[in-house]
Amino acid sequence: MTDPALDAEALRERAVASLITARDRTTLLTSCVDGPELTAQHSPLMSPLVWDLAHIGNQEEQWLLRAVAGHEAIRPEIDTLYDAFEHPRAERPSLPLLPPEEARRYAADVRGRALDVLEGAAFHGTRLTEAGFAFGMIAQHEQQHDETMLITHQLRRGPRALTAPDPEPVPLFTGPSEVLVPGGPFTMGTSDEPWALDNERPAHRREVPPFRIDTTPVTNAAYQAFIEDGGYDEPRWWTAEGWAHVRRNSLTAPLFWRRDGRQWLRRRFGVTEVVPPDEPVLHVCWYEADAYARWAGRRLPTEAEWEKAARYDPAGDRSTRYPWGDADPGPEHANLGQRHLRPAPAGSYPAGESPLGVRQLIGDVWEWTASDFLPYPGFRAFPYKEYSEVFFGREHKVLRGGSFAVDPVACRGTFRNWDLPVRRQIFSGFRTARSEEV
């Protein structure tokens, strides 16, 4: 029988490590540029970096200090300033935000108190504290905002502010282009993952007909073939809404790409470079992904198909936590955690492939699916409706798998992301599928 005290200590260590990792990344993203760069709005799609910094601290205060520990509010007057639903991103630069140094002090003060709370926390008694959920939720929240801030860094103009080593080069992938996923039921979602968020729950059985899915995400070279074949000029590949979006916004290539003579260049974190042909394509919206799939005679996988390809182990007839099994992600499995500032070449990370042989399902690029963002059967909002429930519906499409900008704490085989089908500033790519004839 497992000693509960040992379990509690392991949870405490995991929570501390997750919170510290997130804060180290936040510090990197907000210290590599100066004050004016922190307070500027680099795109109307994004908040000023200083807003994210104080918002991270405010959410941590509200959930760990007030909700878990029952402490009085430190700065109740700033709650509405950092309420994401109270103020759209485009309005945030005009708010009386905390200046950078004050925002740093506030976030540091909250963190010190939160670690004190964590030191004496009991990981039972309420749903919020069970298995350290609240601490895991806050670590994930901070990492999600770190990814948002990394997107802001990609959108900002000016010289490079961030550096990271490139992924290890690998031989050109010459394996099969697609993998057969057998038909039948599988378990989708989770009821057991302690830090899983509400939209990942509960576990339930899904019946999925047989289908074939790309072994790797669609590459830049493959996407260039779509461009060169006039993909952006041919309405038959696009949904009506997608075609209207292309015409209205004069789209001709992924975001940050431009043609230079006979080659394509891209801007990546302040550096202009030739588009690498073997990397997964990045910064495409759902409409572009869907149009490419139609052009290729294929389609986007549904969310259930994606998850079955990622988690189903036919040998044990079970769903694993990750494509490679139940072990936490390591650097051999996937491109996560901002270790690199780009996707790895298609076919990388053979140790991270699924039992069926599908690669790079976790990390590198978020993958658009064909599915709308909807609740699972038996869904219950927790701990607040604004995390998932208010976004359910046809307006948002599901993305799966994470990207190089996602930390392992906020990425699982069950993790669900969602966004509007027009969004391209996110680190989004895709893979395609086709139904198997039976």
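Let us look at the structure shown here. From a predicted model like this one, the values you see are computed outputs, not experimental measurements.

**Description of the sheet that holds strand S5 (residues 257-260)**
Step number 1: The strand order across the open sheet built from three strands is S5-S6-S7, with neighbouring strands paired in antiparallel fashion. Strands with a single pairing partner mark the edges of an open sheet, and in this sheet they are S5 and strand S7 (271-274). Ignoring which end each strand starts from, the neighbouring axes of this sheet average 35° apart.
Step number 2: Two elements, S5 and strand S6 (residues 263-268), share four bridges in a ladder whose sense is antiparallel. Residue pairing for S6: tryptophan 257 is matched across the bridge by arginine 266.
Step number 3: Contacts between helix H6 (residues 220-228) and the sheet are confined to S5 and S6, with S5 contributing the most and set at about 70° to the helix.

**Overview of the nonpolar core**
Step number 1: Counting 113 residues, the largest nonpolar core has Phe135, Leu150, Tyr223 and Phe430 as its most contacted members.
Step number 2: The leading source of residues in this core is helix H5 (residues 133-155), at ten residues.
Step number 3: Once you skip the residues sitting within four places of it in the chain, tyrosine 223 turns out to touch Val218, Tyr232, Pro254, Val281, Val284, Glu288, Tyr292 and Phe430.

**Some thoughts on the packing of aromatic side chains**
Step number 1: Under the definition given, this model contains 28 aromatic pairs.
Step number 2: Measuring from centroid to centroid gives 5.5 Å for tryptophan 63 and tyrosine 384, while their planes differ by 25°, and the two rings are stacked. Of this pair, tryptophan 63 sits in helix H3 (residues 49-68) while tyrosine 384 sits in the loop between strand S10 (366-373) and strand S11 (393-400), and the two are 321 residues apart along the sequence.
Step number 3: When its relative accessible area of 17% is taken as the criterion, tryptophan 63 is described as buried.
Step number 4: Judged by relative accessible area, tyrosine 384 falls into the partly exposed class, the value being 22%.
Step number 5: Taken together, a centroid distance of 4.8 Å and an interplanar angle of 50° make the contact between phenylalanine 373 and phenylalanine 392 tilted. Of this pair, phenylalanine 373 sits in strand S10 while phenylalanine 392 is found in the loop between S10 and S11, placing the two residues 19 residues apart along the sequence. Note on accessibility: phenylalanine 373 and phenylalanine 392 belong to one class, buried.
Step number 6: The structure contains a cluster of three or more aromatic residues connected by ring pairs, namely Trp63, Phe85, Phe373, Phe379, Tyr384, Tyr387, Phe391, Phe392 and Trp418.
Step number 7: The side chain of arginine 14 reaches across the aromatic face of tryptophan 195, ending 3.7 Å from its centre.
Step number 8: Over the ring of tyrosine 376 we find arginine 416, and its NZ or CZ is 4.2 Å from the ring centre.

Conventions we followed
- Residues numbered from 1 in each chain as written.
- Predicted model: local features only at pLDDT ≥ 70, side-chain atom pairs only at ≥ 80, totals over all residues.
- Heavy atoms only, no water.
- Pairing = 2+ DSSP bridges.
- Helix = DSSP H or I, 4+ residues; strand = E, 2+ residues; numbered from the N terminus.
- Axes fitted to C-alpha atoms, helices over the stretch in contact; angles between N-to-C directions.
- Contact = heavy atoms within 4.5 Å.
- Core = buried A, V, L, I, M, F, W, Y, C linked by side-chain atoms within 4.5 Å.
- Buried < 20%, exposed > 50% of the residue type's maximum accessible area, 1.4 Å probe, protein only.
- Phe/Tyr/Trp six-rings, centres within 6.5 Å; stacked < 30°, edge-to-face > 60°.
- Lys NZ or Arg CZ within 6 Å of the ring centre and 35° of its normal.

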